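# Chains, contacts and geometry: an overview
Residue-level listing of the chains:
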Amino acid sequence: MAQPLPEPKSLPSPPNDGITSLQYLPSSSSSSSSLLASTSWDGALRIHDTIAKSHVVTQTMDSGPLLCMAVGTTTTTTSSSSSSGESSGGGGVVYTGGIDGSIKRYDIATSTVTLIGKHSPNIEQADLVNGKKKVAVSCLCTIQNTNWIVSAGWDKKFHIWDVSKCKNIDSEGDAEENGKDGKNTATAAQPVATMDLPGKAFSMDVSLDGTKIVVATSGRRNCFFDIIHQSNQTQEEKDGSTSSSPIEVKLLSDRESSLKYQTRCVKFFPDTKGIAVGSIEGRVAIEYLDDIGISSGKKKYAFKCHRVNDTIYPVNDIAFHPVHGTFATGGADGTVITWDGNHKKKLSSIAKCPTSVACLAFNGVGSEIAIASSYTYEEGERDHPREEIYVRDVLEGEVRPKAKK
């Protein structure tokens, strides 16, 4: 008898507006973490426990709508924690990127908010409603086993930040940030590295080894960066100089996407030999990185997905399984589908949601998937089902690669 399919279960107290990101927090033990973080257009960061199916906390970040998020690693520390000789613990750290250009850090254990940095306003970007210059942080990633996070935004900038050089926004910090007249006057840290992008950043990913970054921008460009850790190899350090930056960023390639329409999401394969790119035209491209010196011996290809009869829906997110290296796509048709990219095979349709699937995340061992059901306005302004976050157990057969024939 066939094994019954697991049912997606909704979590309580979901976001009140469009969900923009989902990520499981890393666990400090060998077991997978059950804490799931989400951000949304209502400006709040939420944490849920997916085992207890409970709401843990909601934290308003005072950054306007939150467009992106990244979770910290177990080695990440802040100036406040390092001064006391204690690690903050990566499992309790979440970074958020706001439409106001700010990057902030939330520590779950202490309920403290820390200002990391800000993307400088671009004079070409204007908030016509409020009459203010604004630029959004649209992408955030952490670099494992370092104090660095990476941001990219609508200002066509790419930054790397040292999160140890920041301060908590507590009761005194709030006063400093808001100023006596209520205006935001907080002083943000400066990035340790900055690069220009060819367009607005739409999606970004960091390779598992922390040495490569890909940024997908407007104009269908995919930019690849090499991250060089300078701490143990610069001549300046050997000479006792402290003037050099601890990190160097090098542009390896700025190439056009093989897809004909706007990129919605991009992710590295776990082995860093290729990327999966999703577009608004219901297609996923598998591209390889031989042009930047990562040999694969394979040819790129693309396939259609998330289409219903003659209606084509965007591919909103891609999530790789942490064990098998297969991946799931979430589309604006409300479905989640798993694929074997190496063997060019569809594996399974694992969910059908009431509205668009905005984002996805596997837990650390790949036994569970979180799904954000949230309308992404591909059909314009209209009535739509409310936002929901679902979690679902994953069967081995739904994510195991196809055997070679």
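Presented here is an overview of the structure given in this document. The model shown is predicted, which means the values in this text are computed figures rather than measured ones.

### Things to note about the sheet that holds strand β18 (residues 247-256)
- Spatial ordering of the open sheet is given by β15-β16-β17-β18, a layout of four strands whose pairing is antiparallel. Of all strands in the sheet, those with a lone pairing partner are β15 (201-206) and β18, marking the two edges. Averaged over all neighbouring strand pairs, the angle between strand axes comes to 20°, with direction disregarded.
- Relative to β18, strand β17 (residues 221-229) is paired through nine bridges, and the arrangement is antiparallel. Of the residues in β18, the one forming a bridge with Arg-221 is Glu-256.

### Section: the environment of Tyr-313
- When you line up the elements, Tyr-313 lands in the loop between β24 (311-312) and β25 (315-320).
- Residue classification places Tyr-313 among the buried residues on the basis of a relative accessible area of 15%.
- Setting aside its immediate chain neighbours within four residues, Tyr-313 contacts Ile-280, Glu-281, Gly-282, Cys-305, His-306, Val-308, Ala-332, Asp-333 and Glu-379.

### So, the sheet that holds strand β1 (residues 9-10)
- Pairing is antiparallel across the open sheet formed by four strands, whose spatial order is β1-β31-β30-β29. Two strands lie at the open edges of the sheet, namely β1 and β29 (357-362), each paired on one side alone.
- Bridge count between β29 and strand β30 (residues 368-373): five bridges; the pairing is antiparallel. Bridge pairing in β30 links Val-357 to Ser-373.

### Some details on the nonpolar core
- The biggest cluster of nonpolar side chains holds 21 residues, and the ones touching the most others in it are Phe-158, Ile-160, Met-204, Ile-213, Val-215, Phe-225 and Ile-247.
- Put simply, the parts of the chain that give this core at least two residues each are β10 (137-142), β11 (148-153), β12 (157-162), β15, β16 (212-217), β17 and β18.
- Non-local contacts of Phe-225, meaning those with residues more than four positions away in its chain, are made with Phe-158, Met-195, Leu-197, Thr-211, Lys-212, Ile-213, Val-215, Val-249, Lys-250, Leu-251 and Leu-252.
- With 15 residues, the next largest nonpolar core counts Phe-269, Ala-276, Phe-303 and Phe-327 among its residues.

### Here we look at the pairing of strand β19 (residues 263-268)
- Most of β19 is tucked away, with five of its six residues classed as buried.
- Summarising the sheet, β19 and strand β20 (residues 274-279) pair through five bridges and their orientation is antiparallel. The residue of β20 that forms the bridge with Thr-263 is Ser-279.
- Taken together, β19 and the strand that follows it, β20, pair antiparallel across an intervening segment of five residues, in which Thr-272 is found at a positive phi of about 65°.

Conventions adopted
- Residues numbered from 1 in each chain as written.
- Predicted model: local features only at pLDDT ≥ 70, side-chain atom pairs only at ≥ 80, totals over all residues.
- Heavy atoms only, no water.
- Pairing = 2+ DSSP bridges.
- Helix = DSSP H or I, 4+ residues; strand = E, 2+ residues; numbered from the N terminus.
- Axes fitted to C-alpha atoms, helices over the stretch in contact; angles between N-to-C directions.
- Buried < 20%, exposed > 50% of the residue type's maximum accessible area, 1.4 Å probe, protein only.
- Contact = heavy atoms within 4.5 Å.
- Core = buried A, V, L, I, M, F, W, Y, C linked by side-chain atoms within 4.5 Å.

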